[in-house]
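# Descriptive structure summary
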There are 2 protein chains.
Amino acid sequence: MAESALSGLKVVELGDFIAAPYCTKLMADLGAEVIKIEPPAGDSARRYGPFPNDEPHPEKSLLFAYLNTSKKGITLDVKTPLGRKALKELLKDADVLVEANPPRVMEELGLDYNSIKGINPELIVTSITAFGQTGPYRDYKATELVSFHIGGLGYGTPGEIEEPDTHPPLKAAGHQGNFQAGITAASSTMCALFAREFSGEGQHIDVSIQEPLLSAIASDIIAHTNRNETPTRIAALALRVPGRKPFIAKDGYVTLTMVQDHFWESLKGVLGHPEWTELDIFNERESRRDNMDALYPLVEEWTQQYTMEELYQKLQVEGHIPSSPVHAVEDVVNHPHFVERGTFVDMEHPQIGEFKSPGPAYRFTETPWDASSPAPSLGQHNEEVLCGKLGYSKDDVARMRQMGVI
Amino acid sequence: MAESALSGLKVVELGDFIAAPYCTKLMADLGAEVIKIEPPAGDSARRYGPFPNDEPHPEKSLLFAYLNTSKKGITLDVKTPLGRKALKELLKDADVLVEANPPRVMEELGLDYNSIKGINPELIVTSITAFGQTGPYRDYKATELVSFHIGGLGYGTPGEIEEPDTHPPLKAAGHQGNFQAGITAASSTMCALFAREFSGEGQHIDVSIQEPLLSAIASDIIAHTNRNETPTRIAALALRVPGRKPFIAKDGYVTLTMVQDHFWESLKGVLGHPEWTELDIFNERESRRDNMDALYPLVEEWTQQYTMEELYQKLQVEGHIPSSPVHAVEDVVNHPHFVERGTFVDMEHPQIGEFKSPGPAYRFTETPWDASSPAPSLGQHNEEVLCGKLGYSKDDVARMRQMGVI
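Residues numbered from 1 in each chain as written. Chains lettered and ligands numbered in written order. Predicted model: local features only at pLDDT ≥ 70, side-chain atom pairs only at ≥ 80, totals over all residues. Heavy atoms only, no water.

### Here's the deal with the pairing of strand S8 (residues 252–256) of chain A
Residue and element names in this part refer to chain A. Most of S8 sits out of view: four of its five residues are buried. Where strand S7 (residues 247–249) lies against S8, three bridges are found, and the strand directions are antiparallel. Residue pairing for S8: alanine 249 is matched across the bridge by glycine 252. Connecting S7 to the antiparallel partner S8 that follows it, the hairpin turn spans two residues. (Buried < 20%, exposed > 50% of the residue type's maximum accessible area, 1.4 Å probe, protein only. Helix = DSSP H or I, 4+ residues; strand = E, 2+ residues; numbered from the N terminus. Pairing = 2+ DSSP bridges.)

Laid out in structure tokens, this is it:
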């Protein structure tokens, strides 16, 4: 069997920040050869923290180090004719180009799909941009905050559960949109490679960072369009997740599920069958939902007596009720399940030293994931790629460096 | 060229609810033949809303209708010997099995990977479970709420931005973990198919619904493990997204970005250069961060004078500053960019009627996405598959129905 799932796959990345680099990281860590092209000033993730000791340094961005494992890195200013020429030479021999530039910019540079497909008709070009290749917003930029709120996710994430209508909508932690777009782009690229096995032809894939986020609230979207109702923010909450506000524990918070009848029956046992659990108003799934205001404090009176770990034992392990402590980052990293599973992997980087990062979100029995080399330093593989692959002389490379092309 | 990207790919789904059905929907809508196996009682998404007019009906779940387009549906109780026999016959000729059962259950039924790979050594088995195939939690269940908080995402999503330490952690709207796991499983399955082109061998892929969520907070995880610091909830916020709390507009909320120097310069112009924008305390990126408490109300005094749409025009269109109105669901569905792009597609279902749902999160130029048929009714393709594919007689099918196997 092939040692790596994607051995032999040749990918060129003309991306930046998170989404496109994450897409090609997924491929590189599974064995694809990824040549990452940065402008001479470097990928913007190099200027974005976190940094060790909070000291910014273009070779010490932990985010960049995480997102660019197993890749070769070269610099190339594709706004110059020499830069574009070298890029096109690389594409002649590539299977996939993953790029993340506004469509207008790619057209101005003559690098849009229609202009480059003649170079290599088998090439698959995957474009990942804030709003996609079409529509009035196609050339707009977006931050993670913009993607979240334009997609309607913040509307259902209000500040105070009791008064969602008067509290501001919040963005959830993290770079949800960018990472989902990265994995979405990887998945669709692999599907296009599957199609190419039969057709022999490449194609252009258009991924909008905005759109993968929408799947998470598909239920809300479908309900709205089917019923033609405008859900209020309170209804949007009550509709689905009565347990969305966690319960207070001695040392933090826990979540638990008590809507479904079998979980409610189990919870009554865990609680020791206090009298109030037999009240008719809590007897049915729907009546528990409707009387959540009364039920919540009664359950919380009980949860407050125990630590998160004690509650997890009682609820999940003994009661088989889906439950969770509300973890902070250090709890996540040190959690025995994640430790035993190897969810986080130790990385070693020449300028940063050691750090842990999330490993693969999948385990293959035959073709294992491997972050085989640390993220490249800026221009680390310029000579290897330009001379070794494209046949440039060392003098050419030196001149290109002087001219600011690399 | 192949009409669909995944023409010829044969997939069997033994999944439930969201993650596994979403994974196979992604394949089915790109042309794979997906045979979805439900227990005779039906997929649990059939009992989960939303429903038209809020009236529960197993053939009218909008969530089920969305997640199971383009599939063939059969019923089969794999806890019975006859059910397992039919499943194994289907697997002989399949490329991929996507399943979502606790590892313990698959072992007890003799359906774990080691037991079934002999049937078809080319078969790729993709397992999607709450906590993966290994580790102490491998047989536990989890709700979306559990996955969110065990993964540490709620910790960084506090209720009130001013007092994150005293307000409860919140879950963001939607089924984040399940949908991300679905696309992650689809991506890794396609990678294993790529590997199989060369090796001729199948393998087992282990996807935990918990793990894809962690990529969104990769920065926090890496920073913690590199610095060995415990971030406070306030620090976790201030570190990255000073604009996370949206600004009040006349008719709602907007977000805007003013940390980077070029966006700040642009914002000053949009604001008309009021005197306070020249204060030294707002002059540097770091000083703006440090003085966010003073800066916020000054900017909000301005935003409150305009509608969301007016602000979007001034900030994004004229000022090129990433900005967004905070959309509710109906704003998302009717938004001109999404309408022009065809982000939402009209679906037609024999028992539900019409509804809109999110379309594909990618556009292929050559092998377009197509939700070619509505979600199957319970057992709709029993005869077609059991008789047509496996050679059972109509009498066999009738007897199996009587026995409760299908």
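### Quick notes on the side chain of Gln316(B)
On the secondary structure map, Gln316(B) appears in helix H14 (residues 308–318). Among the polar contacts made by the side chain of Gln316(B), one reaches the main-chain amide nitrogen of Ser323(B) at a distance of 3.3 Å. Sequence-distant contacts of Gln316(B), that is, excluding residues within four places in its chain, are made with Tyr140(A), Lys141(A), Leu311(B), Ile321(B), Pro322(B) and Ser323(B). (Polar contact = N/O pair within 3.5 Å; in protein donor to acceptor, adjacent residues only side chain to side chain. Contact = heavy atoms within 4.5 Å.)

### Focus on the packing of aromatic side chains
The full count for this structure, using the stated rule, is 24 aromatic pairs over all chains. Here the aromatic rings of Phe194(A) and Phe198(A) are separated by 5.7 Å at their centres, their planes lie at 55°, and the arrangement is tilted. On the criterion of helical spacing, the pair formed by Phe194(A) and Phe198(A) is a turn pair, its members being four residues apart in helix H7 (residues 176–199). Exposure remark for Phe194(A): the relative accessible area of 11% places this residue in the buried category. With a centroid separation of 5.4 Å and 55° between ring planes, the pair formed by Trp302(A) and Tyr306(A) is classed as tilted. We note Arg46(B) situated over the ring of Phe64(B); from NZ or CZ to the ring centre the distance is 4.0 Å. (Phe/Tyr/Trp six-rings, centres within 6.5 Å; stacked < 30°, edge-to-face > 60°. Lys NZ or Arg CZ within 6 Å of the ring centre and 35° of its normal.)

### Some details on the sheet that holds strand S2 (residues 33–38) of chain B
Spatial ordering of the open sheet is given by S12(A)-S6(B)-S5(B)-S4(B)-S1(B)-S2(B)-S3(B), a layout of seven strands whose pairing is mixed. For this open sheet the edge positions go to strand S12 (363–364) of chain A together with strand S3 (71–75) of chain B, each flanked by a neighbour on one side alone. Of the strands in this sheet, strand S1 (10–14), S2, S3, strand S4 (96–99) and strand S5 (124–129) of chain B touch helix H1 (residues 19–28) of chain B, which is tilted by about 165° from S1(B). Lying on the sheet, helix H7 (residues 176–199) of chain B is in contact with S12 of chain A together with S4, S5 and strand S6 (204–208) of chain B; it crosses S5(B) at an angle near 165°. (Axes fitted to C-alpha atoms, helices over the stretch in contact; angles between N-to-C directions.)

### Notes on unusual backbone geometry
Leaving glycine out, the prevailing phi sign among residues is negative, and the prevailing peptide bond configuration is trans. Of note, the phi angle at His273(A) is positive, near 50°, even though the residue is not glycine. Among the secondary structure elements, His273(A) is positioned in the loop between helix H11 (261–271) and helix H12 (285–290). Phi at Phe17(B) is positive, roughly 65°, even though this residue is not glycine. Considering the arrangement of structural elements, one finds Phe17(B) in the loop between S1 and H1.

### Side note on the interface of chain A and chain B
Listed as interface residues are 142 residues of chain A and, on the opposing side, 141 residues of chain B. Carbon and sulfur atoms supply 65% of the area buried between chain A and chain B, which totals about 12,400 Å² over both sides. The interface formed by chain A and chain B holds six salt bridges in total. With 16 residues, the single largest contributor to the side of chain A that touches chain B is H7(A). In terms of residue class, the side of chain A that touches chain B is made up of 73 nonpolar, 48 polar and 21 charged. (Buried area = accessible area lost by both parts, 1.4 Å probe. Salt bridge = Lys/Arg side-chain N within 4 Å of Asp/Glu carboxyl O. Nonpolar A, V, L, I, M, F, W, Y, C, P; charged D, E, K, R; others polar.)

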